[in-house]
Amino acid sequence: MRRDAAAPFNSNKADIILRSSDDVYFRVYRCLLAFASPFFDSMFDLPRPQVRSPHEEMYHGFEVIPVTEDSRVLDMLLRFCYPATVDDPRLGSAAEIEAVLEASIKYGMEEVERGVRRMLLEPSILEKEPLQVFAIAYRFRYEPEARAAAACLLCQPAPPANSTTLKYISQGDLRNLAVYRTKCAHAVLALGNNLSWLQKKESYGLFKWWTNFCMCTQRADPRFLMHGAYAREWWAEYMEETLAKLQETPCAAAVYQNVRKALERAGGCTFCRRKSQSYMSDFVQMFAEAVDEAIAGVSAYLIVHCRHS
C-alpha cells in the first residue's frame, strides 16, 4: 500500500517524487538531488518526450521515479543530501551504514559517501561490529577502515570462515586475515619469552619492587627472570594465563582480564598485598602498551586485496 514519506519529504513545494521499493513516496527537490548526485543531474538533463508515456507514473501531479532502495535506506540517504536545517541521521548499525554507502556510491553522491564512511570508525560501530566493518571496508575498497577493523577483530575469537558476513571476501583474502591474526599472536607471545621490553619501560619503583620481593610463601618462579631476580609465583601464573589468553584474543584488553585473580593470589602476604596493587597497575598498563606496539608492528603484513562486489 503506497503512502507518503514523513517530513521533510512530504512538502507540496517539491517538484519530483522518488518511490521506494516498499511504495513510500518521497517528495524532493530536483535541484538538491542534482547538486548531490551526478546520476540524477544527468537524468534531469535528458530531453523529455513531448507526449507522456502511459507507463510513466504520476502521483498528485508529480512525476515519479522508482528506485530500488527501501524507504528506510532512502530516508537516511536523502537526509544527508538536504541542507543543515535537516539533521544528518544517526546510523546505528554496520548494516545501515552499508546500505547507505551502497546507495551513495550507486548515485555518485561522493560527499554523502565520505560522511557515512567516517562512521565506520566510530567506536560504537567499530568495537561492537568489527567483523561487519571489515567486510564493508573490504567490499568498498576502504583499506584504512579494513586495517582498523582487522585489529579490532583481535579482541574477539576468530570468525568462522563460512560466516555470511564475509560473503564478499575471497578465500585467499580470508587466509590473509587468518595469517595476520596468527602473526599478532606470535608477536605478543614473544613479550612473555623476553622481558627486555619491560626493562625499557619500567620505573625505578617497579625495578625496586621486582628485585626486593619479600621471603614469603609466594616463592620465586623460574619461568620469568629479570634483573637477576625471578618473579613471584603469583605473578608468573598471571603471565602464563594472560599469554594463553593473548593467543586466543591477541589484543591489549586481554592483559586486564586476570589481574584481579593475580592480586587475590598475592593477598596471602601482607607485603605482597600492600605493594602488588600499585605496581601491578603500573605493569599492566606497560604490558598493554607493549601489546599494542607489537600488534602495530605486524599490521604491515596485512594486505587487503579489496574488490567491488
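Just so it is clear, the model here is predicted, and its values are computed rather than measured.

Caption draft 1: Looking closely at the nonpolar core. Formed by 92 residues in total, the largest nonpolar core has its most connected members in Leu18, Tyr238, Phe283 and Phe287. No other element matches the eleven residues that helix H14 (residues 270-296) contributes to this core. If sequence neighbours within four positions are ignored, Phe287 has contacts with Leu191, Trp197, Tyr238, Met239, Thr242, Leu243, Leu246 and Val255. By size, the runner-up hydrophobic cluster in this structure holds five residues, among which are Ile17, Tyr25, Tyr59 and Phe62.

Caption draft 2: How the structure looks around the packing of helix H4 (residues 94-106) against helix H5 (residues 110-118). Where H4 meets H5, the closest approach of the two axes is 9 Å, and the angle between their N-to-C directions is 160 degrees. Between H4 and H5, the crossing angle belongs to the class labelled roughly antiparallel. Pair H4 / H5 crosses with left-handed handedness. Along the contact surface, H4 presents Ile97, Val100, Leu101, Ser104 and Ile105, while H5 presents Val112, Glu113, Val116 and Arg117. When its residues are assigned to classes, the contact of H4 with H5 shows six nonpolar, one polar and two charged.

Caption draft 3: Seen up close, the pattern of salt bridges. One pass over the structure, following the stated rule, counts 20 salt bridges. Across the pair Glu122 and Arg90 runs a salt bridge, and its minimum N-O distance is 3.0 Å. Here Glu122 is found in the loop between H5 and helix H6 (123-126), whereas its partner Arg90 is found in the loop between helix H3 (71-81) and H4, with 32 residues between them in sequence. Look at Glu122 and you get partly exposed, because its relative accessible area is 22%. Classification of Arg90 by relative accessible area gives exposed; the value is 56%.

Caption draft 4: Summary view of the environment of Ala36. Its location among the elements puts Ala36 in helix H1 (residues 30-36). Distance from Ala36 to Glu111, taken between C-alpha atoms, is 7.6 Å for residues 75 residues apart in sequence.

Caption draft 5: View of the pairing of strand S2 (residues 16-19). Going residue by residue along S2, you find Ile16 and Leu18 tucked away on one face and Ile17 and Arg19 tucked away on the opposite face as well. Pairing of S2 with strand S3 (residues 24-28), which is carried by four bridges, proceeds in the antiparallel orientation. Considered in S3, the bridge of Leu18 is made with Phe26. Hairpin connection between S2 and S3: a loop of four residues separates the two successive antiparallel strands, and Asp23 in this loop has a positive phi of roughly 60 degrees. One ladder, built from three bridges, connects S2 with strand S5 (residues 62-66); its direction is parallel. Following the sheet pairing, Arg19 is matched in S5 by Pro66.

Caption draft 6: Structural detail: the packing of aromatic side chains. For the structure on display, the rule yields 13 aromatic pairs. Centroid distance Phe39 to Phe40: 5.3 Å. Interplanar angle 90 degrees. Geometry classified as edge-to-face. Using a relative accessible area of 2% as the deciding quantity, one classes Phe40 as buried. Lying over the aromatic face of Phe44, Arg30 brings its terminal NZ or CZ to 5.1 Å of the ring centre.

Caption draft 7: Spotlight on the side chain of Asp75. Looking at the secondary structure, you find Asp75 in helix H3. For Asp75, a relative accessible area of 16% corresponds to the buried category. With residues up to four places along the chain from it excluded, the contact list for Asp75 reads Phe9 and Phe26.

Caption draft 8: Region of interest: the environment of Arg3. The topology assignment puts Arg3 in strand S1 (residues 3-4). Look at Arg3 and you get partly exposed, because its relative accessible area is 46%. Residues Arg3 and Val24 lie 21 residues apart in sequence; the distance between their C-alpha atoms is 5.0 Å.

Reading guide: rules and limits
Residues numbered from 1 in each chain as written. Predicted model: local features only at pLDDT ≥ 70, side-chain atom pairs only at ≥ 80, totals over all residues. Heavy atoms only, no water. Core = buried A, V, L, I, M, F, W, Y, C linked by side-chain atoms within 4.5 Å. Buried < 20%, exposed > 50% of the residue type's maximum accessible area, 1.4 Å probe, protein only. Helix = DSSP H or I, 4+ residues; strand = E, 2+ residues; numbered from the N terminus. Contact = heavy atoms within 4.5 Å. Axes fitted to C-alpha atoms, helices over the stretch in contact; angles between N-to-C directions. Parallel < 35°, antiparallel > 145°, perpendicular 65-115°, else oblique. Left-handed = near helix turned anticlockwise from the far one by under 90°. Nonpolar A, V, L, I, M, F, W, Y, C, P; charged D, E, K, R; others polar. Salt bridge = Lys/Arg side-chain N within 4 Å of Asp/Glu carboxyl O. Pairing = 2+ DSSP bridges. Phe/Tyr/Trp six-rings, centres within 6.5 Å; stacked < 30°, edge-to-face > 60°. Lys NZ or Arg CZ within 6 Å of the ring centre and 35° of its normal.

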